[in-house]
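Given next are the chains, with one letter for each unit.
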Amino acid sequence: MIVANICIVIAAVILYSPGLICLRITDESIFRAGMSVIALLALVSIFFLVNIRFLREPSKRPILPEETLDLEEARDILKGYGSSKYLKSMAATAAEQVERILKCRMRLSGILEQRFTKGTMSWEKFHSVVLSAEDSAARNVVAMANRMQLFDDREFARLQHYKEDDIPDDIQEEQLRLYQKNIEDIRSMIALNEKILLKLNTLTMEVSSSSSESSGDWNDDLLEEIERLISETKYYQ
């Protein structure tokens, strides 16, 4: 906003300063006199449009899970909720998890292509689980974003002192429980994403360091564990 306003001031200086364009309403040229008025109206309009846009609170709407199945987009959603006094830390943690999942996905995909021929049953078995884990993590992020946008910082701060007002305490205690449950659900989804990330890292190390023959049973157990964690995400979605 500051940069935009500085640009508007610079434009005004260039348009109206003597020695530069030097527009003025008293100019003998009707064209230049008219342009001085038009330029002034344009600068004033741009000033108000720019400042209103930057100062206006962004509109929020629920995000459907099918709208964001990509981790990069999911990460951007979380960054948009980083201004909340009570949710900022959780939003930053979840966004950082997305970065780590993306890196893990790239490492694991590279290792799978080295160890297995692309398109074979072994490759498909591992690759499908990796994609499912990524999809579940993204859906978790969407679910977190939806819960975050339902969170009102001012209302939650007021409820911290609910005994000091004239509203019945039992009603406000119920409201406070709803907010606290919302926060706990977000924390649970962060923990679930962390478990998925841990298992993906474990799978990466196991596939990288062991032969496919000797580690088959262990890998199958690990894949089942990841699939179980993936199924848990449906509870929050």
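Up top is the structure these notes are about.
Residues numbered from 1 in each chain as written. Predicted model: local features only at pLDDT ≥ 70, side-chain atom pairs only at ≥ 80, totals over all residues. Heavy atoms only, no water.

### Considerations on the nonpolar core
Within soluble globular proteins, side chains that are nonpolar tend to cluster in buried spots. Membership of the largest hydrophobic core comes to 25 residues, with the highest contact counts inside it found for L78, L87, M144, M148 and I186. Those elements giving two or more residues to this core turn out to be α3 (71-79), α4 (88-115), α5 (121-149), α6 (153-159) and α7 (169-209). Excluding residues that lie within four positions of it along the chain, L87 makes contacts with M148, F151, I183 and I186. Core analysis: the second largest hydrophobic core is formed by 23 residues, A137, I196, V207 and I230 among them. (Core = buried A, V, L, I, M, F, W, Y, C linked by side-chain atoms within 4.5 Å. Buried < 20%, exposed > 50% of the residue type's maximum accessible area, 1.4 Å probe, protein only. Helix = DSSP H or I, 4+ residues; strand = E, 2+ residues; numbered from the N terminus. Contact = heavy atoms within 4.5 Å.)

### Focus: the packing of aromatic side chains
The tally for this structure, following the rule as stated, stands at six aromatic pairs. Judged by centre distance (5.1 Å) and plane angle (50 degrees), the ring pair of F151 and F156 falls under tilted. Taken as a pair, F151 and F156 share a single burial class, namely buried. One aromatic cluster is present, built from ring pairs that chain together Y86, F151, F156 and Y179. (Phe/Tyr/Trp six-rings, centres within 6.5 Å; stacked < 30°, edge-to-face > 60°.)

### Quick notes on the pattern of salt bridges
Scanning the entire structure with this criterion turns up ten salt bridges. A salt bridge links E96 to R100; the nearest nitrogen and oxygen atoms lie 3.3 Å apart. Of the two residues, E96 and R100 both sit in helix α4, four residues apart, roughly one turn of that helix. For E96, a relative accessible area of 39% puts it in the partly exposed group. Through salt bridges with shared partners, a single network forms among R24, D27 and R32. (Salt bridge = Lys/Arg side-chain N within 4 Å of Asp/Glu carboxyl O.)

### A short note on the packing of α4 against α5
Orientation of α4 relative to α5, taken along the N-to-C sense of each, is 170 degrees, at an axis distance of 11 Å. Relative to α5, the element α4 lies roughly antiparallel. Contact with α4, carried on its side by M90, A91, A94, V98, I101, R105, L108, L112 and E113, involves W123, F126, H127, V130, E134, A137, V141, M144 and M148 of α5 and no other residues of that element. Its residues assigned to classes, the contact of α4 with α5 comprises 14 nonpolar, one polar and three charged. (Axes fitted to C-alpha atoms, helices over the stretch in contact; angles between N-to-C directions. Parallel < 35°, antiparallel > 145°, perpendicular 65-115°, else oblique. Nonpolar A, V, L, I, M, F, W, Y, C, P; charged D, E, K, R; others polar.)

### A closer look at a nonpolar patch on the surface
Taken together, the side chains of I2, I6, V9, I10, V13, I14, L20 and I21 present a nonpolar region at the surface, about 720 Å² in accessible area. Structurally, I21 is set in the loop between α1 (2-16) and α2 (30-55). Under the relative-accessibility criterion, I21 is labelled partly exposed at 37%. (Patch = residues over 30% accessible without salt bridge, like charges linked within 9 Å, V, L, I, M, F, W, Y side chains within 5 Å. Areas by Shrake-Rupley, 256 points an atom, 1.4 Å probe, with all protein chains shown as cover.)

### Overview of the environment of N51
If you trace the backbone, N51 turns up in helix α2. For N51 and N5, which are 46 residues apart along the polypeptide, the C-alpha to C-alpha distance reads 8.2 Å. For N51, the residues in contact, after removing those within four places along its chain, are M1 and N5. Of the polar contacts made by the side chain of N51, one reaches the side chain of N5; its length is 2.9 Å. (Polar contact = N/O pair within 3.5 Å; in protein donor to acceptor, adjacent residues only side chain to side chain.)

### A closer look at the environment of L87
Tracing the chain through its elements places L87 in the loop between α3 and α4. Along the sequence, L87 and F151 sit 64 residues apart, while their C-alpha atoms lie 8.6 Å from each other.

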